[in-house]
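# Observations on the three-dimensional arrangement
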Amino acid sequence: MTIFSFFSGASRALASTTSSSKLLVILSISGGGLVVYSESQADAGAQSAEINKTEPQKKRVVVLGTGWAGTSFLKDLDITSYDVKVVSPRNYFAFTPLLPSVTCGTVEARSIVEPIRNIIKKRNGEIQFWEADCVKIDAANKQIRCRSVIDNDLVGNEEFLVDYDYLVIAMGAQVNTFNTPGVVEHCHFLKEIEDAQKIRRSVIDCFERAVLPDLSEDERRTNLHFVVVGGGPTGVEFAAELHDFINEDLVKLYPMVKDLVKITVIQSGDHILNTFDERISSFAEKKFGRDGIEVETGCRVTSVSNKAVTVKMKSNGEICSVPYGMVVWSTGIVTRPVLRDFMDQIGQNKRRVLTTNEWLRVEGCDGVYALGDCATIAQRRVMEDISTIFKAADKDNSGTLTVKEFQDVIDDIIVRYPQVELYLKNKHLNDVKDLLKDPQGNERKEVDIEGFKSALSQVDSQMKNLPATAQVAAQQGAYLSSCFNRRQQCQEHPEGPLRFRDSGRHHFRPFCLQALWAICTSGRRASSCGAPRRLGINWPQHPVALVFYICKQASELAHEILSGV
């Protein structure tokens, strides 16, 4: 009873003390045990609640998509500063430039994919991932509606809502069918891993059907006619991979039909690879001619049935029917319906693609960013701001601009308007002072506003939209994560160019593509390299692809040499 009396007295004493005081009583019992008594738990809980209230709450960042842009953003983001959630119908990242190689077994599908959960679990912190489709973006309430892509009859709601402070849209785009009848029902696409695997199975099916007994030669030829609609990098690479696959592997398995195989590339433009340099386009066409791949340019597909492709010739309007065994449709991309609905909400309904500013923020919507294939950057024109640029440079308000005053702001102009630097390079101007020369090429000590407008009037002609490539998306993701990581720092110490239409500086430098080269294969021992205006593999950015390419080419050359020994 003495011990219980002691506890009662201790309890009364604790009740009279302040919340910050603590009491720990340790009694030794004859059996050697210890009894610990404390009544500070309630006060400690209240104290902890006060601390939690003072701690700043993390901003909620929601990322839509696990492609090149989304994965690159997640890989470099400092998640200790943000509460990050990822929503995507695809629970893996795929190295898409090698998809054409998967169609023919040159590369196995498992070699170019990585589970997204493996990527995000390597970060110091927690990133939540949900395998679902975003079906609605509510910009007004900063909320998205998602729906599970799992079709099994499992319990629970398949739809859920996610709130955000910052939304990063990186969901890519879908194949553009141009509403051509029959394309969705009868054509293969080449945009996902599943597409490549389906094509691979279909190619084998065409050969198996062609060798069945009691088929006429015309039926065998039809089954072995492979049509590729679209002469861009994806279509060209697939046609080249298919040709090599057939001539190096399948003819050994199906020798009885080796002379009946035909590959046709249908292109609406005048040349294949028309976004590359003309010399590259010409090289690819000649290479296909030597390989026996038929290239039909100036043709537009009007419909696709289960047996034939209907084509209209642009030159004479003639309509012809092309029987086929398999069709691969690769004619570009278009905005997804969920983004089209979002664009209607924010006043971009007249645009073809979701538009951002140079810092990748969606125009007309705070806290929302878009990158990769789903968006395009609306680069501001120099001539739209020419008067404010002149006024900012004319520090003495004399109405004229000296060479020294122009040189003081030219660095900010080049950063803010990258087309200026492209113009200088294309015109082979070694010094920015050359911009201020008169039409006869004579140097001028100063220019007025009209002379300044005349000097920069042709600069905006260098503006071009960025290509929808893996290289661009990866760089945009890395750029945006860097901006997120340094948000507080750059708000206090801005690092961007001058605000010509306002005071101060921009917090960040605008996005600028650091592009080097692009590679497009047109067959064994034949690769086209050029400016990455369409399909890009950045050599330092993608060392795995570079090593793969070098090893593959070296192996094939070695095999060719040893075969002749």
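Summary of the structure given here. The model shown is predicted, which means the values in this text are computed figures rather than measured ones. (Residues numbered from 1 in each chain as written. Predicted model: local features only at pLDDT ≥ 70, side-chain atom pairs only at ≥ 80, totals over all residues. Heavy atoms only, no water.)

## Quick look at the sheet that holds strand 17 (residues 319-323)
Pairing within the open sheet is antiparallel, and its three strands lie in the order 15-16-17. Both edges of this open sheet fall to strand 15 (299-304) and strand 17, since each of them pairs with a single strand only. In this sheet, neighbouring strand axes are inclined to one another by 30° on average, regardless of whether the strands run parallel or antiparallel. The pairing of strand 15 with strand 16 (residues 308-313) spans five bridges and is antiparallel. When the sheet's bridge partners are listed, V304 is paired in strand 16 with V309. (Pairing = 2+ DSSP bridges. Helix = DSSP H or I, 4+ residues; strand = E, 2+ residues; numbered from the N terminus. Axes fitted to C-alpha atoms, helices over the stretch in contact; angles between N-to-C directions.)

## Thoughts on the pattern of salt bridges
The full count for this structure, using the stated rule, is 24 salt bridges. Notably, a salt bridge pairs R351 with E363, separated by 3.5 Å at the nearest N-O pair. With R351 in the loop between helix 11 (337-345) and strand 20 (354-356) and E363 in the loop between strand 20 and strand 21 (368-370), this pair connects stretches of sequence that are twelve residues apart. With a closest N to O distance of 2.7 Å, D385 and R380 form a salt bridge. We classify D385 as buried; its relative accessible area is 1%. The structure contains a network of salt bridges with shared partners spanning R380, E384, D385 and R501. (Salt bridge = Lys/Arg side-chain N within 4 Å of Asp/Glu carboxyl O. Buried < 20%, exposed > 50% of the residue type's maximum accessible area, 1.4 Å probe, protein only.)

## Considering helix 12 (residues 386-393)
Taken together, the buried positions of helix 12 are occupied by I386, I389, F390 and A393. Each buried residue of helix 12 sits inside an arc of 100° when the element is viewed along its axis, so together they form one side. Close packing links the buried residues of helix 12 with strand 23 (400-402), helix 13 (403-416), strand 24 (446-448) and helix 15 (449-455). (Arc of directions from axis to C-beta. Contact = heavy atoms within 4.5 Å.)

## Quick look at the packing of aromatic side chains
Tallied over the entire structure, the rule returns 14 aromatic pairs. Judged by centre distance (6.1 Å) and plane angle (25°), the ring pair of F207 and F226 falls under stacked. Of this pair, F207 sits in helix 7 (residues 193-210) while F226 sits in strand 12 (residues 225-229), and the two are 19 residues apart along the sequence. When the ring centre of Y166 is taken as reference, the NZ or CZ atom of R487 above it lies at 4.4 Å. Positioned over the ring face of F484 is R487, at 4.6 Å from the centre of the ring. (Phe/Tyr/Trp six-rings, centres within 6.5 Å; stacked < 30°, edge-to-face > 60°. Lys NZ or Arg CZ within 6 Å of the ring centre and 35° of its normal.)

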